[in-house]
Every structure is written in structure tokens, then in C-alpha cells.
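# Structural overview
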Amino acid sequence: MSTLIKNLLSTRAGYGLSVLRIFVGIIFAAHGSQKLFGWFGGGGLAGTAQWMESIGLAPGYLMALLAGGTEFFAGLALVIGLLARPAALGLSFTLLVAIFSVHIGNGLFMANNGYEFALALLGGTVAVLFEGAGKLSVDAAITK
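Presented here is an overview of the structure given in this document. (Residues numbered from 1 in each chain as written. Predicted model: local features only at pLDDT ≥ 70, side-chain atom pairs only at ≥ 80, totals over all residues. Heavy atoms only, no water.)

Let us now look at the overall build of the protein. A count of helices and strands for the protein gives 7 helices and 0 strands. Scaling as 2.2 N^0.38, a compact globule of 144 residues should have a C-alpha radius of gyration of about 15 Å, and the protein matches this with 16 Å. Counting every position in the protein, which comprises 144 residues, the buried fraction comes to 38%. Restricting to contacts in the protein with at least 6 residues of sequence separation, those with at least 24 account for 66%. (Helix = DSSP H or I, 4+ residues; strand = E, 2+ residues; numbered from the N terminus. Rg over C-alpha atoms; globule rule 2.2 N^0.38 Å. Buried < 20%, exposed > 50% of the residue type's maximum accessible area, 1.4 Å probe, protein only. Contact = heavy atoms within 4.5 Å.)

See below:
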């Protein structure tokens, strides 16, 4: 196994980070499915694209596809722990865009549509980025 792949898949984390990764992954997969498929009361690609255009993220359809695709597929990757670091990197970037384009002007708290929840999720994705997927992951199984 090449050094790059081994470093990408390796993990220093135990079971605790595995639990965090799974819950964060479920949240992202659900949010991505709202954007892509309209599940769970979401707007689907058309509705999300229109909303993204309205907040200045253009072209809206491409931005909706990128955000929804990253959230959905990287969320699933976190749930199973496969390529968790690249998934966490993509999700961290998506969260930073969400925080600075939507939530930052509303303050911290969710009651005002603030960045509280996005910041908590960012903490989870950055932890996976630094530590790896944890013991209960496909990444850990591959590196054994």
C-alpha cells in the first residue's frame, strides 16, 4: 500500500470518534438528500438552486448540486468510514461557505438562524480530518 493511501486511511482515533463520525454523517446525508432529492421536506435541486441564486451563490443549479452532492455522498462516506478524511475536508469547506454566506450575520444562536449548529458540525468534521475515521470504519479495516 502506498504511503499516501496509508496516511489518508490511517486513524489514531478510537471508538468515540467513530460514534461522532456516524452521527455527523447521518446529519449531512439527510441535509444533502433535502437538497438533491427533496426528501425530508427539502426543496430538491430546483428549489435549492433558486434559493442559492437568491443569496448570491451563482450559478444556483451548480451550487445546489455541489453542496447537496458533497453533503449527501460525503455524509454517507462518514457513516461507513470510507475515505473519511477527504469527505471531512469537503464537508468542512461546505460548512465554511454556509457559515460565511448565510449564518454569520445572524450571530451565534440557532434561534436567529445563526452559525451555532454549523460550527458544531464543523468541529466534528475537523476532528475527523485530523484524527481519521476511528476504529469502527472501513478505513481502519483497509489499513490493517
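The structure having been displayed, the exposition proceeds.
This brings us to the environment of methionine 52. Note on placement: methionine 52 falls in helix H3 (residues 44-54). Judged by its relative accessible area of 6%, methionine 52 falls in the buried class. Sequence separation between methionine 52 and phenylalanine 117 is 65 residues; the distance between their C-alpha atoms is 19 Å. Setting aside residues up to four positions removed in sequence, methionine 52 forms contacts with Lys35, Leu57, Gly60, Met63, Ala64 and Ala67.

Turning our eyes to something else, we now look at unusual backbone geometry. Of note, the bond from alanine 58 into proline 59 is cis; its omega dihedral lies within 30 degrees of zero at -5 degrees. Phi angles above zero are rare outside glycine, and phenylalanine 40 is one such case at about 55 degrees. With respect to the secondary-structure elements, phenylalanine 40 resides in the loop between helix H2 (15-37) and H3.

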